[in-house]
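What the coordinates show
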Amino acid sequence: MNIEKLRVACENAKHNPAEENLFRQLRLNQWVKQSVRWMPMEKWDRCALPVNAESLRGRTCYGGLDLSSTTDITAFVLVFPPMDDGDKYCILPFFWIPEDNLDLRVRRDHVPYDIWKQQGYLQTTEGNVVHYGFIEAFIEELGAKYNIREIAFDRWGAIQMTQNLEGLGFIVVPFGQGFKDMSPPTKELMKLTLEEKIAHGGHPVLRWMMDNIFIRTDPAGNIKPDKEKSTERVDGAVATIMALDRALRNQGNTGASVYDERGTLII
């Protein structure tokens, strides 16, 4: 391997926990844990630029939907591709939990769900499970404001809701949770974060979920969020990755993918 490429890989590994794992394993021949904490939060916080939801009206965007369990947090994230070279990928996230167990979860999880609700960063649905019909209606309203081209979703537990969204006129795309589908956009999200080419508004729920993520690496160097190792909720981070993938694959509306142009990115 060229020594200069090795130096570059070493420098990248210093700023990216996932790449550090790969560098140590593949270049230094060291045993490492399969799962590592992923997002360097100081880099994520540098992307906390304001996102004005009203100024995004009519803009093309792509959605990621992670329903999780009916008693857990449901996340829907919109990713707006940049309009030009000086623009950034804008992230607009939405979260729901059941109203009836809000106080219980605050005490049990030691997470300020109640404060986030008061601040408008988290919504609740009536009852003790997430009301999917409410979320469908909410997404329909978003579709009237924004040009939602596609919605990516995890196949698990989402069949009925995705059929309903199709009935509302949305294009829904099943998204696998394995290395093959998750690795390219996960790496791209890290790259965009390190380059400060995204804007997420400092949304506290999404920040909490990004900080919770652990990633798993396979022998080929592919990565994906490891939900088993991520003991806290990561639904919003996964939804963001799925939405970003659809934005990248539809870049320029030519049918071509950024992955086709340059292949899978390995930092």
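Since we're looking at a predicted model, the values are computed, not measured. In this numbering scheme, every chain counts its residues from 1 along its sequence in written order. Per-residue local features of the predicted model are confined to residues with pLDDT of at least 70, and side-chain atom pairs are confined, for both listing and counting, to 80 or more; whole-chain, interface and lining totals are unaffected and use all residues. The side-chain numbers reported here are obtained from all heavy atoms of the structure, hydrogens and water having been left aside.

**Side note on the overall build of the protein chain**
Regarding its fold elements, the protein chain presents 11 helices and 10 strands. Looking at the protein chain as a whole, 49% of its 267 residues are labelled buried. Considering only contacts in the protein chain between residues 6 or more positions apart, those separated by 24 or more positions represent 66%. For every accessible area listed, the method is Shrake-Rupley and the probe measures 1.4 Å; residues are considered covered only by the protein chains on display. Carbon and sulfur atoms provide 49% of the accessible area of the protein chain, an area that totals close to 13,000 Å². Only runs of H or I of at least four residues qualify as helices and only runs of E of at least two qualify as strands under DSSP, and these elements are numbered from the N terminus. Accessibility here uses a 1.4 Å probe with only protein chains present; expressed as a share of the type maximum, an area under 20% marks a residue as buried, one over 50% as exposed, and anything in between as partly exposed. Two residues form a contact once any of their heavy atoms are found within 4.5 Å.

**So, the side chain of H200**
Mapping H200 onto the fold places it in the loop between β8 (198-199) and α9 (204-212). Contacts of H200, omitting those with residues within four sequence positions, involve W44, C47, A48, L49, V51 and I91.

**Considerations on the pattern of salt bridges**
Pairing is possible between side chains that carry opposite charge, provided their charged atoms lie close to one another. Any carboxyl oxygen of Asp or Glu that lies within 4 Å of a side-chain nitrogen of Lys or Arg is treated as forming a salt bridge with it. Across all of its chains, the model carries 17 salt bridges by this definition. Here R57 and E54 are joined by a salt bridge, their closest N and O atoms 2.7 Å apart. Take R57: its relative accessible area is 45%, and that puts it in the partly exposed class. K117 serves as the salt-bridge partner of E99, at 2.9 Å between the closest nitrogen and oxygen. Of this pair, E99 sits in the loop between β4 (89-98) and α4 (102-109) while K117 sits in helix α5 (residues 113-119), and the two are 18 residues apart along the sequence. One salt-bridge network, in which partners are shared between bridges, spans E150, D245, R246 and R249.

**Some words on the packing of aromatic side chains**
Pairing of aromatic side chains requires ring centres within 6.5 Å, counting the rings of Phe and Tyr and the six-membered ring of Trp. Pairs whose planes differ by under 30 degrees are stacked, by over 60 edge-to-face, and all others tilted. Taken as a whole and judged by the stated rule, the model has 6 aromatic pairs. Seen from their ring centres, Y113 and W116 are 6.1 Å apart, and the 85 degrees between their planes marks the pair as edge-to-face. Of the two residues, Y113 and W116 are both situated in helix α5; the distance of 3 residues between them amounts to about one turn of the helix. The class of Y113 is buried, set by a relative accessible area of 1%. Residue W116 is classed as buried on the basis of its relative accessible area, which comes to 8%. Judged by centre distance (6.1 Å) and plane angle (85 degrees), the rings of Y113 and W208 are edge-to-face. Of this pair, Y113 sits in helix α5 while W208 sits in helix α9, and the two are 95 residues apart along the sequence. Through a chain of ring-to-ring contacts, three or more aromatic side chains come together here, namely F94, W96 and F138. Two limits define a charge over a ring: the Lys NZ or Arg CZ must be within 6 Å of the ring centre, and within 35 degrees of the ring normal. Lying across the ring of Y113, R105 places its NZ or CZ 5.0 Å from the centre. Over the ring of F179 we find K224; its NZ or CZ atom is 5.1 Å from the centre of that ring.

**Quick notes on the confidence of the model for the protein chain**
Put simply, the protein chain has an average pLDDT of 85, and 84% of its residues get 70 or more. Throughout residues 254-258 the model reports pLDDT below 50, and contacts reaching past four residues in sequence, or to other chains, amount to 10 contacts. Each residue carries a pLDDT score, the predictor's own confidence in it, on a scale running from 0 to 100.

**Quick notes on the pairing of strand β2 (residues 60-66)**
Each regular strand shows side chains that alternate between the opposite faces of the sheet. Most of β2 is tucked away, with 6 of its 7 residues classed as buried. Paired strands, in this sense, are two strands between which DSSP finds at least two bridges. Bridging between β2 and strand β6 (residues 147-154) involves 6 bridges; their strand directions are parallel. Each residue of the ladder has a partner; that of L65, found in β6, is F153. Of the strand pairs in this sheet, β2 and strand β3 (residues 74-80) are connected by 5 bridges, and their pairing is antiparallel. If you follow G64 over to β3, its bridge partner there is V77.

**Some points on unusual backbone geometry**
The backbone of H110 sits at a positive phi, close to 55 degrees, despite the residue not being glycine. In this structure, H110 sits in the loop between α4 and α5. Judged by its relative accessible area of 71%, H110 falls in the exposed class.

**Digging into the environment of V51**
Turning to its location among the elements, V51 is positioned in the loop between α3 (41-45) and β2. C-alpha of V51 to C-alpha of G201: the two residues are 150 residues apart in sequence and 5.2 Å apart in space. When sequence neighbours within four positions are dropped, the list of residues in contact with V51 reads L56, C90, I91, L92, A199, H200 and G201.

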